[in-house]
Amino acid sequence: MKAENRFSVSPEETEKQKEYTHLAGELLETKYGGRPLAFIHTYGCQGNVSDSEYLKGMLEEIGYGFTEKLEEADLILYNTCAIREHAEDRVFGNVGALKNLKMQKRGMRIALCGCMMQQPRIAEKIRKSYPFVDIVFGTHVMHRLPEIIYRSLSTGKKVFEIPDSDGVVPEGMPVKRDSGFKAWLPIMYGCNNFCSYCIVPYVKGRERSRDPEIILREARQLVSEGYKEITLLGQNINSYGREPDYGYDFPRLLREINDIPGDFIIRFMTSHPKDCSAELLDTMASCEKVAKHLHLPFQSGCDRVLKAMNRGYTAEKYLSLIDYAYKVMPDLSITADVIVGFPGETYEEFTQTVDLVKKAGFTSMFTFIYSPREGTKAAEMDDPVSAEEKGKWFRELLAVQEQIAAERTAGSVGRTFRVLCEREGKNGVLLRPVKIEVEARRRFVPNHADILPGVCGKAYRTAFRRTI
Ligand code: 5AD
Ligand code: SF4
C-alpha cells in the first residue's frame, strides 16, 4: 500500500463539493427552470479530453444537460490548451466570437478553464480584454467546479479561481464518458521534467500519482461495464509511483491491470525515453492485453539539441531503446513527437532528426514547429532561423515519414489483426479478427496513434469496411 499522498484532496473538500452540487442545482432550477444546457469544447491532449469528461460529470450532477449547438447553450465552457501559440490563438478567436451571442442571451455564462488559464498573463488578458467572460478557473481547482458554478449563479459576479499550486489529486468526481467502449483512466498528473521548450510543468504542477488501489478498482469497474479499451493517462507515465515509499511502479500497475479478467485492451501514454526501462518493455511484451503500441516522443535526433531541450538522453540511447523494444515485440508500433526548429537548431542538426526518423520506422509521427512559450528557458534562447525556413524543414520531414508509414502499412496487407470495431457487428462483438485485404494506399497510412497491429483504428476500419 502506498504512503499518504500530500496532494490528495481531503474527504471534507469532496463533501463540500457535494453540497455545492446540491446548492447549485437548486439555483439552476429557480434561474432557468427546466434543464439548462451546457456546451463544452476541449482543446489539446487526451488529458484534457479526460478532464472534460469529469467536468461534464460534475455539470450533469448539478443538473445541466448538454448541447452541441453554441446558440442553445446556457453555459459555454472551453477547456483550453497552452502547448503551442496556435492553440492559444484559436481559443482567443473562438472566445472573441462569443461576445455577440452573450449579448443576445441574458443569463448565459461563459467559462474558460485548463492549461491556458493557469498562466497569470492569460487570465489578466481575459479579465481586461474579454469582459464578457464570467468564469475562469485553473488546472488545480477542476474538482471545485460545483462551488465555482454556485458562486457565479448566486452572486452574478465574475469568478476567477486560479490558485498557484503544486497540484492536487482529485478523487470521487462523477464522470460522463464520451464513449461506451473506450475509456480514459488518468493514473498520474503533472510533470517534473522541465523540458526547456515546454509549458506543461508550469501549468500542470508537480508529478503526483493516483492511489493504485483506486486505479485498479476503476479499471475493474470499466471492464465490468463492458469497456473494451482502457487508456492509462499521464504526462510522464513511466514515472508512476516515483513518490517515496509508494511500493508501486508503472510496470507493476500494468501487470495488475492486465490480470483483471475480461476481454479488453490496455493502452498508455505518454512515455519518456529517459524513464522507459527494459522492464517496462518486457512487461508490455508479456502482458497479452497491452496493445503493442508505444508512444515515445524523441523531439530531436541531434544530441546538442536534445541537451538544450533538457531531455536527458542521446539519439543513440533512443535508438537502442527502440531496438530493444522491437526485439521483444517484433510487431510493435512506435509513434513519436518531434519538434522542428528548436531555437538555434541548424539545418545540419535537423538532418540528424531526419536520419533518426529513417532508422526508427515509426508507424506515425506528430511533427510540431517550435513555438516559444513565455516563462520557459527556450523562449529566452536566440532563434535566428525564419519561420519560412522551419516550414521547409517541417515539410521535408513529413515527406520522409509518410514514405516510411506507407511502407509499414503495406506490410499489413494480407495479415490478420484483432480490431476494435466502433459499431457492433452481427454477432454483437466489438473485438474480432479482421484480415486486411485491401491494397495499402496512402490514405490508409495511419495518421493517429491508435492505429496499430493488435487493435485497429480509423484507417484499418476504413479498410475493414471496404472488405465486407
Ligand atoms: N513548441 C512546439 N511543440 C511543443 N511540444 C511541447 N511544447 C512545444 C513547443 N513549445 C510538443 C512536444 C510534445 C508534444 C505534446 O507537443 O513534441 O511531445
Ligand atoms: Fe513537457 Fe517534457 Fe513534461 Fe512532456 S516530459 S510534458 S515535453 S516537460
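Remember, predicted model here, so these are calculated numbers, not experimental data.

How each quantity is defined
Residues numbered from 1 in each chain as written. Chains lettered and ligands numbered in written order. Predicted model: local features only at pLDDT ≥ 70, side-chain atom pairs only at ≥ 80, totals over all residues. Heavy atoms only, no water. Helix = DSSP H or I, 4+ residues; strand = E, 2+ residues; numbered from the N terminus. Buried < 20%, exposed > 50% of the residue type's maximum accessible area, 1.4 Å probe, protein only. Contact = heavy atoms within 4.5 Å. Areas by Shrake-Rupley, 256 points an atom, 1.4 Å probe, with all protein chains shown as cover. Near = heavy atom within 4 Å. Nonpolar A, V, L, I, M, F, W, Y, C, P; charged D, E, K, R; others polar. Polar contact = N/O pair within 3.5 Å; in protein donor to acceptor, adjacent residues only side chain to side chain. Pairing = 2+ DSSP bridges. Axes fitted to C-alpha atoms, helices over the stretch in contact; angles between N-to-C directions. Right-handed = clockwise from strand over helix to strand, strands pointing away. Parallel < 35°, antiparallel > 145°, perpendicular 65-115°, else oblique. Left-handed = near helix turned anticlockwise from the far one by under 90°. Expected span 1.5 Å × (residues − 1). Phe/Tyr/Trp six-rings, centres within 6.5 Å; stacked < 30°, edge-to-face > 60°. Lys NZ or Arg CZ within 6 Å of the ring centre and 35° of its normal.

### Focus: the overall build of the chain
Point 1. Within the chain, the secondary structure is distributed over 15 helices and 16 strands.
Point 2. When the 468 residues of the chain are sorted by exposure, 56% land in the buried category.
Point 3. Considering only contacts within the chain whose residues lie at least 6 apart along the sequence, 77% involve residues at least 24 apart.
Point 4. Of the accessible surface of the chain, which amounts to about 20,700 Å², a share of 50% is contributed by carbon and sulfur atoms.

### Observations concerning the side chain of Asp275
Point 1. On the secondary structure map, Asp275 appears in the loop between strand E11 (265–269) and helix H10 (278–286).
Point 2. Overall, the relative accessible area of 13% leaves Asp275 in the buried class.
Point 3. Not counting the four nearest positions on each side in its chain, Asp275 is found in contact with Asn236, Asn238, Ser239 and Arg242.

### Looking at the site of ligand 2
Point 1. Lining the immediate environment of ligand 2, one finds Cys191, Asn193, Phe194, Cys195, Tyr197, Cys198, Val200, Pro201, Gln235, His272 and Arg311.
Point 2. In terms of residue class, the shell around ligand 2 is made up of seven nonpolar, three polar and one charged.

### Here we look at the site of ligand 1
Point 1. Contacts to ligand 1 come from Ile83, Arg84, Tyr197, Gln299, Asp337, Ile339, Phe368, Ile369, Tyr370, Ser371 and Arg373.
Point 2. In this structure, a nitrogen atom belonging to ligand 1 sits 3.0 Å away from a main-chain N or O atom of Tyr197.
Point 3. Residue Ser371 places a main-chain N or O atom 2.8 Å away from a nitrogen atom belonging to ligand 1.
Point 4. Considering ligand 1 on its own, with 400 Å² of exposed area, one finds that the protein chains cover 87% of that surface.
Point 5. Listing elements by their share of the shell around ligand 1, those giving two or more residues are strand E13 (333–340) and strand E14 (364–369).

### Here's the deal with the side chain of His293
Point 1. Assignment of secondary structure puts His293 in strand E12 (residues 293–295).
Point 2. The class for His293 is buried, based on a relative accessible area of 7%.
Point 3. Looking at His293, its side chain comes within polar contact range of the side chain of Thr335, at 2.8 Å.

### Quick look at the sheet that holds strand E6 (residues 159–161)
Point 1. Reading across the sheet, the six strands line up as E2-E1-E3-E4-E5-E6 and stay open at both edges, with parallel pairing between neighbours. The open sheet has two free edges, formed respectively by strand E2 (65–66) and E6, since each of these has just one partner strand.
Point 2. Direction of pairing for strand E1 (residues 37–42) relative to E2: parallel, over a ladder of two bridges. Bridging across to E2, Ala38 finds its partner in Phe66.
Point 3. Strands in contact with helix H2 (residues 46–62) are E1, E2, strand E3 (75–80), strand E4 (109–114) and strand E5 (135–137); relative to E3, the strand with the most contacts, it is inclined by about 155 degrees.

### Remarks on the pairing of E1
Point 1. Regarding topology, H2 serves as the crossover connection from E1 to the parallel E2, and that connection is right-handed.
Point 2. Taken together, the five bridges between E1 and E3 define a ladder with parallel strand orientation. For Phe39, the partnering residue across the bridge sits in E3 and is Ile76.

### With respect to the sheet that holds E14
Point 1. As summarised here, the arrangement of the three strands in space is E12-E13-E14, forming an open sheet in which the pairing is parallel. Unpaired on one side and paired on the other, E12 and E14 mark the two borders of the sheet. Adjacent strand axes in the sheet meet at a mean angle of 15 degrees when their direction is disregarded.
Point 2. The strands that helix H14 (residues 387–410) touches are E13 and E14; relative to E14, the one it contacts most, it runs at about 175 degrees.

### Quick look at the environment of Tyr326
Point 1. Considering the arrangement of structural elements, one finds Tyr326 in helix H12 (residues 315–328).
Point 2. A C-alpha to C-alpha distance of 9.3 Å links Tyr326 and Leu281, two positions 45 residues apart in sequence.
Point 3. With residues near it in sequence (within four places) discarded, Tyr326 still touches Leu332, Ile334, Ala360, Gly361 and Arg408.
Point 4. At 2.9 Å, the side chain of Tyr326 forms a polar contact with the backbone oxygen of Ala360.

### Notes on the packing of helix H8 (residues 212–224) against helix H9 (residues 250–258)
Point 1. At their nearest, the axes of H8 and H9 sit 10 Å apart, and the two run at 30 degrees to each other. Of the possible angle classes, the one that applies to H8 and H9 is roughly parallel. Here the hand of the crossing between H8 and H9 comes out right-handed. In this structure, H8 uses Pro212, Ile215, Leu216 and Ala219 to contact H9, whose residues at the interface are Leu253, Glu256 and Ile257.
Point 2. In terms of residue class, the contact of H8 with H9 is made up of six nonpolar, no polar and one charged.

### What to know about unusual backbone geometry
Point 1. Across the junction of Met269 and Thr270, the peptide omega takes the value 5 degrees, indicating a cis bond.
Point 2. Position of Thr270 relative to the elements: it lies in the loop between E11 and H10.
Point 3. Positioned with a positive phi, Phe194 is a non-glycine residue whose angle comes to about 50 degrees.
Point 4. Counting through the fold element by element, Phe194 comes out in the loop between strand E8 (188–189) and helix H7 (200–204).

### Quick notes on H2
Point 1. With 17 residues, H2 extends 25 Å between its outermost C-alpha atoms, agreeing within 8% with the 24 Å of an ideal straight helix rising 1.5 Å per residue.
Point 2. Among the 17 residues that make up H2, 12 are buried, leaving the element largely enclosed by the rest of the structure.
Point 3. All of the buried residues along H2 are Asn48, Ser50, Asp51, Ser52, Glu53, Tyr54, Leu55, Lys56, Gly57, Met58, Leu59 and Ile62.
Point 4. Gly63 sits one or two positions beyond H2 and adopts a positive phi of about 135 degrees.

### Regarding the packing of aromatic side chains
Point 1. This model, assessed by the stated rule, comprises 17 aromatic pairs.
Point 2. With a centroid separation of 6.5 Å and an interplanar angle of 85 degrees, the aromatic rings of Tyr197 and Phe342 are classed as edge-to-face. One end of the pair, Tyr197, is in the loop between E8 and H7; the other, Phe342, is in the loop between E13 and helix H13 (347–360), with 145 residues separating them in the sequence. For the residue pair Tyr197 and Phe342, the accessibility class agrees, reading buried in each case.
Point 3. With 5.7 Å between their ring centres and 70 degrees between their planes, Phe342 and Tyr370 make a pair best called edge-to-face. With Phe342 in the loop between E13 and H13 and Tyr370 in the loop between E14 and H14, this residue pair connects regions lying 28 residues apart in the sequence.
Point 4. For Phe342, a relative accessible area of 1% corresponds to the buried category.
Point 5. Through a chain of ring-to-ring contacts, three or more aromatic side chains come together here, namely Phe298, Tyr313, Tyr318 and Phe362.
Point 6. Sitting over the face of the ring of Phe160, Arg127 holds its NZ or CZ atom 4.2 Å from the ring centroid.

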